[in-house]
Amino acid sequence: RIEDENGSVAGAEVLILDADSPRGTTVISGGDGSFESPLLSPGRFVLSVRGTAHAVYTSGGIALDVHARHDAGTIRLGAGGSLAGDRVGSASISSS
């Protein structure tokens, strides 16, 4: 789930990058700020989240095993140059 100080952020661009190759996929957060990726191959991933008029959030490495599901928590976007990442939400990415 992606949010800011006013609540859910709909329409945020979530880039899911394979940390070990140039592959990646982009999804858009829904009206409630949640997002879910298509199935990904097992590996290490980085999330980069960009919302209109928000700072860009970039996660640390996220490891996915076969048939794993990862809850990315709540990603709280700050305005302009500030950001924070809290781990309490329902955004997820899954491996095949």
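Everything below is about the structure shown above.
All of the points below concern the structure found in this document.

So, how was this worked out
Residues numbered from 1 in each chain as written. Predicted model: local features only at pLDDT ≥ 70, side-chain atom pairs only at ≥ 80, totals over all residues. Heavy atoms only, no water. Helix = DSSP H or I, 4+ residues; strand = E, 2+ residues; numbered from the N terminus. Contact = heavy atoms within 4.5 Å. Core = buried A, V, L, I, M, F, W, Y, C linked by side-chain atoms within 4.5 Å. Buried < 20%, exposed > 50% of the residue type's maximum accessible area, 1.4 Å probe, protein only. Pairing = 2+ DSSP bridges.

With that settled, consider unusual backbone geometry. Phi is positive for alanine 53, close to 65°, though the residue is something other than glycine. Relative to the elements of secondary structure, alanine 53 occurs in the loop between strand 5 (43-50) and strand 6 (57-58).

Here the focus is the environment of alanine 12. Inspection of the secondary structure puts alanine 12 in the loop between strand 2 (7-8) and strand 3 (13-18). Along the chain, alanine 12 and isoleucine 28 lie 16 residues apart, while their C-alpha atoms are 5.5 Å from each other. Apart from residues lying up to four places away in sequence, alanine 12 is in contact with Ile2, Val27, Ile28, Ser29, Val49, Arg50 and Gly51.

A few words on the nonpolar core. Counting 17 residues, the largest nonpolar core has Ile2, Val14, Ile16, Phe35, Leu47, Val49 and Ile75 as its most contacted members. Only strand 3, strand 5, strand 7 (62-64) and strand 9 (75-77) provide two or more residues apiece to this core. Sorting elements by how many residues they give to this core places strand 5 first, with three residues.

Burial along strand 3 is one-sided: the residues Val14, Ile16 and Asp18 are buried and none of Glu13, Leu15 and Leu17 is. Where strand 3 lies against strand 4 (residues 24-28), five bridges are found, and the strand directions are antiparallel. Counted as the bridge partner of leucine 15 is threonine 26 from strand 4. The antiparallel pairing of strand 3 with strand 4 creates a hairpin that spans five residues between the two strands.

Our focus in this paragraph is the environment of phenylalanine 35. One can find phenylalanine 35 in the loop between strand 4 and strand 5. Looking at phenylalanine 35, the relative accessible area reads 5%, which means it is buried. Here the alpha-carbon distance between phenylalanine 35 and arginine 1, two residues 34 residues apart in the chain, equals 6.5 Å.

By themselves, these figures tell us nothing about what the structure is for.
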